[in-house]
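Here's the letter readout for the chains.
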Amino acid sequence: MATTLAVQDLEKTYGSGEDAVRAVRHVSFETAPGEFVALVGPSGSGKTTLLAMIGGLLAPTGGRIVVNGSEVGGAAKRDLAKYRREMVGFVFQANNLLPFLTARENLLVPAALGSLDKRDANARAGRLLEELGLEKRRNALATQLSGGERQRVAIARALMNDPRLVLVDEPTASLDSARGRQVVESLIREVRARDVLGIMVTHDMAMAELADRVLEMHDGEIREHRAGKLAT
Ligand SMILES: Nc1ncnc2c1ncn2[C@@H]1O[C@H](COP(=O)(O)OP(=O)(O)O)[C@@H](O)[C@H]1O
Ligand SMILES: [Mg+2]
């Protein structure tokens, strides 16, 4: 089943009084099933904050996030951890691979925390590494991988728990444009193949254009919605 997301009047204010920063203000949008959305905007416009709230990493100060009909964070804290573990795959800018583990071992870490049994996890890791063109690099340590390879490992790892939402923050920031494009194209391909919802923060318009839809943030608000060029 394709994932639906509705963000309703979402707010996040950091701090209070004079030091308060209204990082996200009255943000509302809905996504179409299976959509790949790019979130663009200048540094400090609230992109990471919005993504972290959608991923259940950060509590909103107002508004709601509804995924497949249930409100995120509406229930107990335990449910939030379960939501993150079972529903969400994250890819961060600084891919956060464990440097002393191989590409394959990095994929097996989240599986070890989840419910997947060992044999299924091994098979799944093998398949994902192959899909992302990393089969030859599977036994290389994370430190021996190139920047693009590391990001592809991070994408594979985010898909290990078979998430319904894949949230990606600046995946190409450390890559040149050709490699960045390869990474984003693999990401979009994998997301489409699984019918999951993808949201990617980027400040690279060339990458954003590969998405189905582009949301542009300024000062904590979404200012513009437009169609991307529809990656095929
Ligand atoms: N933990 C925090 N405490 C206080 N202010 C924060 C925190 N994280 C982000 N901010 C502020 O919130 C605003 C939005 O930040 P962020 O969501 O990181 O934007 P972006 O990802 O678009 O660069 C910025 O003004 C930033 O300084
Ligand atoms: Mg950011």
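See the structure above.
So, how was this worked out
Residues numbered from 1 in each chain as written. Chains lettered and ligands numbered in written order. Predicted model: local features only at pLDDT ≥ 70, side-chain atom pairs only at ≥ 80, totals over all residues. Heavy atoms only, no water. Helix = DSSP H or I, 4+ residues; strand = E, 2+ residues; numbered from the N terminus. Rg over C-alpha atoms; globule rule 2.2 N^0.38 Å. Buried < 20%, exposed > 50% of the residue type's maximum accessible area, 1.4 Å probe, protein only. Contact = heavy atoms within 4.5 Å. Areas by Shrake-Rupley, 256 points an atom, 1.4 Å probe, with all protein chains shown as cover. Lys, Arg positive; Asp, Glu negative; His and termini not counted. Charge placed at Lys NZ, Arg CZ, Asp CG, Glu CD. Salt bridge = Lys/Arg side-chain N within 4 Å of Asp/Glu carboxyl O.

Participant: Talk me through the overall build of the protein; I want residue IDs and the actual numbers.
Facilitator: From N to C terminus, the protein includes seven helices and 10 strands. In summary, the protein has a C-alpha radius of gyration of 17 Å against a globular reference of 17 Å for 232 residues, a match within 12%. Principal axes of the C-alpha set define a box for the protein whose edges measure 50 × 40 × 35 Å. Within the protein, the fraction of its 232 residues that count as buried is 49%. Of the contacts made within the protein by residues no fewer than 6 positions apart, 70% connect residues no fewer than 24 positions apart. Carbon and sulfur atoms make up 50% of the accessible area of the protein, which amounts to about 11,300 Å² in all. For the protein, the distance from the average site of its 31 positive side-chain charges to the average site of its 30 negative ones is 6 Å.

Participant: How would you summarise the pattern of salt bridges if you had to cite specific residues and measurements?
Facilitator: What the rule picks out here adds up to 13 salt bridges. Connected through salt bridges with shared partners, the residues Glu131, Arg189, Glu190 and Arg194 form a single ionic network.

Participant: Account for helix 1 (residues 47–54), naming residues and giving values.
Facilitator: Most of helix 1 sits inside the fold, with seven of its eight residues counted as buried. Those residues of helix 1 lying buried are Lys47, Thr49, Leu50, Leu51, Ala52, Met53 and Ile54. Looking at the residues trailing helix 1, positive phi occurs at glycine 56, about 75°.

Participant: Any chance you could break down the side chain of serine 186 for me, citing the residues and the numbers?
Facilitator: Within the element layout of this structure, serine 186 appears in helix 6 (residues 177–194). Using a relative accessible area of 6% as the deciding quantity, one classes serine 186 as buried. Serine 186 has contacts with Leu132 and Arg152, leaving out every residue within four places of it along the chain.

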